[in-house]
Amino acid sequence: MMIQEKRELRKKRNKLKRVNRIKTGIITFVGLYMLFSMIMTTVLTFKVVSLQRQINVITGKESGTVETQEVAAESEDETYLTMYATAEDNLADPDDTLKVYLTFDDGPSSNTSEILNILDDYGVKATFFVVGKEDEEYKELYKRIVDEGHTIGMHSYSHKYSDIYSSLDAFASDLDRIQNLIYDITGTDCLYYRFPGGSSNQVSNVEMSRYISYLNDNNITYFDWNVSSGDATSQAYSPDELVENVMNDVVKYKTSVVLLHDADAKDATVAALPQLIESLQAQGAVILPISDDTTLIQHVTID
């Protein structure tokens, strides 16, 4: 009897051990699973935060370079650009004389003088959408743009997306500042504007229609573009490629407003300019500065 009891007791102990081992295994598995989940959650959260910061820098909601912001905003414009560029009333017929408006954003810069020299060599007038710079060397360039018969337009004072597009008041203040600067230096009451990133940018915290209405109420005309050289990204294209990008599109439209940039890093744009002018002239295009007679090229319009 005692032997039988010992056997039963031994069986119970072995069974208890097995149960304990199973419990321990389950607890260990659950613990490891929870630890793994926490680690993965942390890693994913870090990645999301990192990506959001990159997005914010690109869109101008955090500090970032002007050029990075410009590239992002312009790339977001492509859908709107395609929609507008297919407007039937601007499609060129074979016998149409092409009107081309070369526009330079972001100046004045260390390249402005050379751009002006090249334009003068070819007897061509262009449009410069300038930002606010108050050093004496830049003041002379504002004057030279106007004195040599080019159109001067506003491209904001600060070109800082996060400030300009933070509110209508901020936009209005920035606009007044660049308009007053141009008037004080050149005597020109500037009434042409180009939104940083274009009127279709996805950066603004406020509906773009409110800024457009403000410009309209103040008799300021804004211009976007329907042809892009691609020079928004430094070193992205060679001078030959910049010319090719423009020439591939200008032949499609009666009126082409070409996006170019006047900035310190845009040496390729300067190098491409003589070839671009010669190619346009060989095509029979008329190169003009923006004026009150220029067909409006706008990504976004309101009634």
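None of these values were measured; they are calculated from a predicted model.

Visitor: Teacher, can you tell me more about the pattern of salt bridges here?
Guide: Should their charged atoms come close, side chains of opposite charge can pair. Overall, the coordinates contain five salt bridges when judged by the stated rule. Two residues, Asp-105 and Arg-194, come together in a salt bridge whose shortest N-O distance is 2.8 Å. In this pair, Asp-105 is assigned in strand β1 (residues 99–105) and Arg-194 in the loop between β4 (192–193) and α8 (208–217), connecting sequence segments 89 residues apart. When its relative accessible area of 0% is taken as the criterion, Arg-194 is described as buried. Two residues, Asp-249 and Lys-252, come together in a salt bridge whose shortest N-O distance is 2.9 Å.

Visitor: Sorry, what's going on with a negative patch on the surface here?
Guide: Taken together, the side chains of Glu-134, Asp-135, Glu-137 and Asp-184 present a region of like negative charge at the surface. Looking at the element boundaries, Glu-134 is found in the loop between β2 (127–130) and α5 (136–147). Of the residues examined, Glu-134 reaches a relative accessible area of 42% and is grouped as partly exposed.

Visitor: Help me out: how do you make sense of the nonpolar core in this one?
Guide: One broad rule of soluble globular proteins: the nonpolar side chains tend to lie buried together. Residues Leu-102, Phe-104, Leu-119, Phe-128, Tyr-193, Phe-195 and Leu-280 are the most contacted members of the largest nonpolar core, which totals 54 residues. Once you skip the residues sitting within four places of it in the chain, Phe-195 turns out to touch His-155, Tyr-165, Phe-171, Met-208, Tyr-211, Ile-212, Leu-215 and Tyr-222. Counting nine residues, the second-largest nonpolar core is a separate cluster that includes Tyr-101, Tyr-192, Phe-223 and Val-257.

Visitor: I keep staring at the packing of aromatic side chains and nothing clicks. Help me out?
Guide: Aromatic ring pairs are reported here in terms of the distance separating the ring centres and the angle at which the planes meet. One pass over the full model with this rule turns up 10 aromatic pairs. A ring pair is formed by Phe-171 and Phe-195, whose centres lie 5.8 Å apart and whose planes are at 25°; its orientation type is stacked. Here Phe-171 is found in helix α7 (residues 168–186), whereas its partner Phe-195 is found in the loop between β4 and α8, with 24 residues between them in sequence. You can call Phe-171 buried: its relative accessible area is 1%. Of the aromatic side chains, those joined through ring pairs into one cluster are Tyr-161, Tyr-165, Phe-171, Tyr-193, Phe-195, Tyr-211, Tyr-214 and Tyr-222.

Visitor: Explain the pairing of strand β7 (residues 255–261) to me, please; I cannot follow it from the model alone.
Guide: Two faces, one strand: in a regular strand the side chains alternate between the faces of the sheet. Burial of β7 is extensive: seven of the seven residues sit out of reach of the surface. Every second residue of β7 is oriented toward a common face, with Thr-255, Val-257, Leu-259 and His-261 on one face and Ser-256, Val-258 and Leu-260 on the other, all of them buried. Across seven bridges, the pairing between β1 and β7 is parallel. Each residue of the ladder has a partner; that of Val-100, found in β7, is Ser-256. The sheet contact formed by strand β6 (residues 227–228) and β7 spans two bridges and is parallel. Within the sheet, the bridge partner assigned to Val-227 lies in β7 and is Val-258.

Visitor: Would you mind showing me how to read the pairing of strand β3 (residues 151–154) here?
Guide: Of the two faces of β3, the one carrying Thr-151 and Gly-153 and the one carrying Ile-152 and Met-154 are both buried. In this sheet, β3 lies alongside β2 in parallel orientation, the contact comprising four bridges. Note on β3: the bridge partner recorded for Phe-129 is Gly-153. Note that the unit made of β2, α5 and β3 has a crossover that is right-handed.

Visitor: I would appreciate a short explanation of unusual backbone geometry in the present structure.
Guide: Glycine aside, the phi torsion of most residues is negative, and most peptide linkages are trans. A cis amide bond links Gly-107 to the next residue, Pro-108, at an omega of 0°. Note that Pro-108 resides in the loop between β1 and α4 (112–122). Despite not being glycine, Asp-106 has its phi angle at roughly 85°, a positive value. The phi dihedral of His-159 is positive, around 55°, even though this residue is not glycine. As for its position among the elements, His-159 is in the loop between β3 and α6 (161–164).

Basis of the calculations
- Residues numbered from 1 in each chain as written.
- Predicted model: local features only at pLDDT ≥ 70, side-chain atom pairs only at ≥ 80, totals over all residues.
- Heavy atoms only, no water.
- Salt bridge = Lys/Arg side-chain N within 4 Å of Asp/Glu carboxyl O.
- Helix = DSSP H or I, 4+ residues; strand = E, 2+ residues; numbered from the N terminus.
- Buried < 20%, exposed > 50% of the residue type's maximum accessible area, 1.4 Å probe, protein only.
- Patch = residues over 30% accessible without salt bridge, like charges linked within 9 Å, V, L, I, M, F, W, Y side chains within 5 Å.
- Areas by Shrake-Rupley, 256 points an atom, 1.4 Å probe, with all protein chains shown as cover.
- Lys, Arg positive; Asp, Glu negative; His and termini not counted.
- Charge placed at Lys NZ, Arg CZ, Asp CG, Glu CD.
- Core = buried A, V, L, I, M, F, W, Y, C linked by side-chain atoms within 4.5 Å.
- Contact = heavy atoms within 4.5 Å.
- Phe/Tyr/Trp six-rings, centres within 6.5 Å; stacked < 30°, edge-to-face > 60°.
- Pairing = 2+ DSSP bridges.
- Right-handed = clockwise from strand over helix to strand, strands pointing away.

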